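Architecture and fold: a report
Chain residues, written in single-letter form:
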Amino acid sequence: MFSGDDTVGIYQDVGQLQTNTIYTLTVAIGSRNDRINSPGIISLLNGSDNTGTVLASGGGLPSTQNTWQNYSVTFTTGASVSGDLTIMLSAIGAGTIQADFDNVRLTATPVPVTPPPTAVAVNNFSFEANVASGAGQVVNSTPTGWTTFNSPLGTGSQWAGGSVVDYTGNTPMALPAAGNQLGWVNQTAAGVTAGIYQTVGVLQANTVYTLIVAIGSRNDRINSPGRISLINGNNNAGAVLASGGGLPSTQNTWQDYSITYVTGNSVGGNLTVALSATGAGTIQADFDNVRLTKAPITFTAPTLGRPIVVGGNLILAGGGGSANAPYTWLTTTNLTGPVTWTTNSTGILDGTGTFSNAIPINPSQPTSFFRMRIP
C-alpha cells in the first residue's frame, strides 16, 4: 500500500454490525528490511465503505526492521446498532511511502451478561424474632440466629421508640431500617471488639459477595460506630475478608453501609457475617436490615489463535479473555458420542487475558481433540 500524503488504503465490508458484541481486529504490520516503512493504520468502521463512522483505530510500525508485529483494536457495541461493519487498512505518507499488512483476523464475542445477584438467607435479619413488650422496651438476650462474642455488657433486640425516644421514626422504623425492632451491641472497653455473628453457608468460588447493613445513630445520645464484616470461618475468629461500617453524621437517622468481597478459583470453609462495635462514642452500636447477596463472576472466553507445531509440541495460544481467569484444557481422541473429555492441563490467563500452552504430541495417538473450559 502506497501513500504520498493523504490517507489511502483498502477496505472490506464484513457484514451487519451486531448488538452487544465485542469486536477485535488483529493485523500483522511489517517493517521492510531495505527501507523505513510508513506506519500502518487498522480501523473498524460503521458503514459499508471507508466513509463510515470510525469505531476504533490503531496500528503502528515495528521498531525493528525486517520484522512483523501484531496490532489490535477493539470496539464493543451496545444494545442498539445499525448498518454494516467494515475493516480498513490504510497508510499516511510518513516514513517512505509504503505500509505492509498481513494475516487480518476479526473476532466477534458476545458481551458477557452478568447474572443478577441472589439473596443469601440471613436468619433474623431485622431482629424481629425476639419481640419486646412495646415501644422502647428491650430484650436482653442474644438475638435469635446470632451468637454473641466479647460483650460483657450484652447484646440484644429493642423495639424502637418509647419515652426516651431513641428514634422518632418507629413502628415501623425509618428506612433503610426495617420493621419495628433493631439489634444492639454494647461495649465500653477501648480497642476491644464485641458483637454478634452468624454463619451463612459454604464460601463459593468465583463469586461476588455484597453485605449491606443499616446502622443507626440514636436521637438521645451519640452512638458508637458500627462495624460490619465478612469472615472466612465458622465464627468471629476467622480470616476477615472485608470490613467496613461507620456512624451516620446526623442523629436520629439510619444509613446503609456496604462491603464487597470477590472470591477466587480456590476457596474453602464457611462464610460468616459479623456485626460489632468498639468502645467509642457511648457504649452502643445499632444495626438493622442485614442483607447479603452473591453473584457469580462472568468470564469472557479468549479467542484461540492458529495452532502451530514446534519441537514436538502443539502450541495453543490466544487472547481477549478475562484477566486472571482460570481455565482448563480438555482432550479426547474420539468425537463419536458419548464423548468423554479428560483434563489435559490447567492454567490462568495473564493480566491481559492471554494464554499460551505447549502440549506434547503423543505419536501413538493419531488424532486428538481439545476444548477450553472457563473457569
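The model shown is predicted, which means the values in this text are computed figures rather than measured ones.

The next point concerns the overall build of the protein. Secondary structure assignment for the protein yields zero helices and 26 strands. Taken over the C-alpha trace, the protein has a radius of gyration of 30 Å; the compact-globule value for 375 residues is 21 Å, which it surpasses by more than 25%. Split into buried and exposed, the 375 residues of the protein put 39% on the buried side. Of the contacts made within the protein by residues no fewer than 6 positions apart, 75% connect residues no fewer than 24 positions apart. By element, 52% of the accessible surface of the protein is carried by carbon and sulfur atoms, the whole surface being about 18,000 Å².

Spatially, the three strands line up as an open sheet ordered β24-β23-β26, and their pairing is antiparallel. Looking at strand neighbours, the two that pair on one side only are β24 (342-348) and β26 (369-373), the edges of this open sheet. Going from strand to strand, the sheet's axes swing by 25° on average, the running direction of each strand aside.

Our next topic: the pattern of salt bridges. One pass over the full model with this rule turns up three salt bridges. Linking Asp-220 and Arg-218 is a salt bridge whose minimum nitrogen-to-oxygen distance equals 2.8 Å. Between Asp-256 and Arg-291 there is a salt bridge, and its shortest N-O distance comes to 2.5 Å. A residue pair is termed long-range when its members are at least 10 positions apart, and Asp-256 in strand β17 (residues 253-262) and Arg-291 in strand β19 (residues 284-296) qualify at 35 residues. Looking at Asp-256, the relative accessible area reads 33%, which means it is partly exposed.

For the rest of this paragraph, the subject is the packing of aromatic side chains. The final tally for this structure, using the stated rule, is five aromatic pairs. Judged by centre distance (6.2 Å) and plane angle (40°), the ring pair of Phe-149 and Tyr-197 falls under tilted. Of the two residues, Phe-149 is situated in strand β10 (residues 147-149) and Tyr-197 in strand β13 (residues 194-202); the sequence distance between them amounts to 48 residues. Given a relative accessible area of 9%, Phe-149 falls into the buried group.

Moving on, we come to the pairing of strand β23 (residues 326-332). The two faces of the sheet receive side chains in turn, since in a regular strand these alternate between them. For β23, the buried fraction is high: seven of the seven residues fall into the buried class. Residues Pro-326, Thr-328, Leu-330 and Thr-332 of β23 are buried on one face, and the alternating residues Tyr-327, Trp-329 and Thr-331, pointing to the opposite face, are buried as well. In terms of strand pairing, β23 meets β24 through six bridges, oriented antiparallel. Along β24, the bridge assignment pairs Pro-326 with Ile-348. As judged from the five bridges shared by β23 and β26, these two strands associate in the antiparallel manner. Counted as the bridge partner of Thr-332 is Phe-369 from β26.

The next point concerns the sheet that holds strand β7 (residues 100-110). Read from one edge of the open sheet, three strands run β5-β2-β7, paired in antiparallel fashion. Every other strand in the sheet has two partners, leaving β5 (67-76) and β7 as the edge strands with one partner each. Geometrically, the sheet is characterised by an average inter-axis angle of 15° between neighbouring strands, direction not taken into account.

Okay, the environment of Leu-271 next. Its place among the elements puts Leu-271 in strand β18 (residues 270-277). Classification of Leu-271 by relative accessible area gives buried; the value is 2%. For Leu-271, the contacting residues outside a window of four places in its chain are Gln-198, Thr-199, Val-200, Gly-201, Leu-203, Tyr-209, Leu-230, Ile-231, Gly-233, Leu-241 and Leu-292.

The rules behind the values
For every chain, the first residue of its written sequence is number 1, and the numbers climb from 1 along that sequence. A pLDDT threshold of at least 70 governs which residues receive local features in this predicted model, and a stricter bar of 80 or more applies before side-chain atom pairs are shown or counted, although totals over entire chains, interfaces and linings include all residues. Hydrogens and waters are ignored; side-chain quantities use all the structure's heavy atoms. Runs of H or I in DSSP of at least four residues are treated as helices and runs of E of at least two as strands, each being numbered from the N terminus. C-alpha atoms define the radius of gyration, and 2.2 Å times the number of residues to the power 0.38 defines the globule rule. The rule is simple: take the accessible area with a 1.4 Å probe, protein chains only, and divide by the maximum for that residue type; under 20% is buried, over 50% is exposed, in between is partly exposed. Here, two residues are considered to be in contact whenever any of their heavy atoms come within 4.5 Å of each other. For accessible areas, the Shrake-Rupley method is used with a probe of radius 1.4 Å. Any residue's cover is judged against the shown protein chains and nothing else. Paired strands are those between which DSSP finds at least two bridges. Note on geometry: axes are C-alpha line fits, over the in-contact stretch for helices, and angles between N-to-C directions span 0 to 180 degrees. Salt bridge, as applied in this entry: a Lys or Arg side-chain nitrogen positioned within 4 Å of an Asp or Glu carboxyl oxygen. Aromatic pairing here means that ring centres of Phe, Tyr or Trp (its six-membered ring) are within 6.5 Å. Orientation follows from the plane angle: under 30 degrees is stacked, over 60 is edge-to-face, and everything else is tilted.

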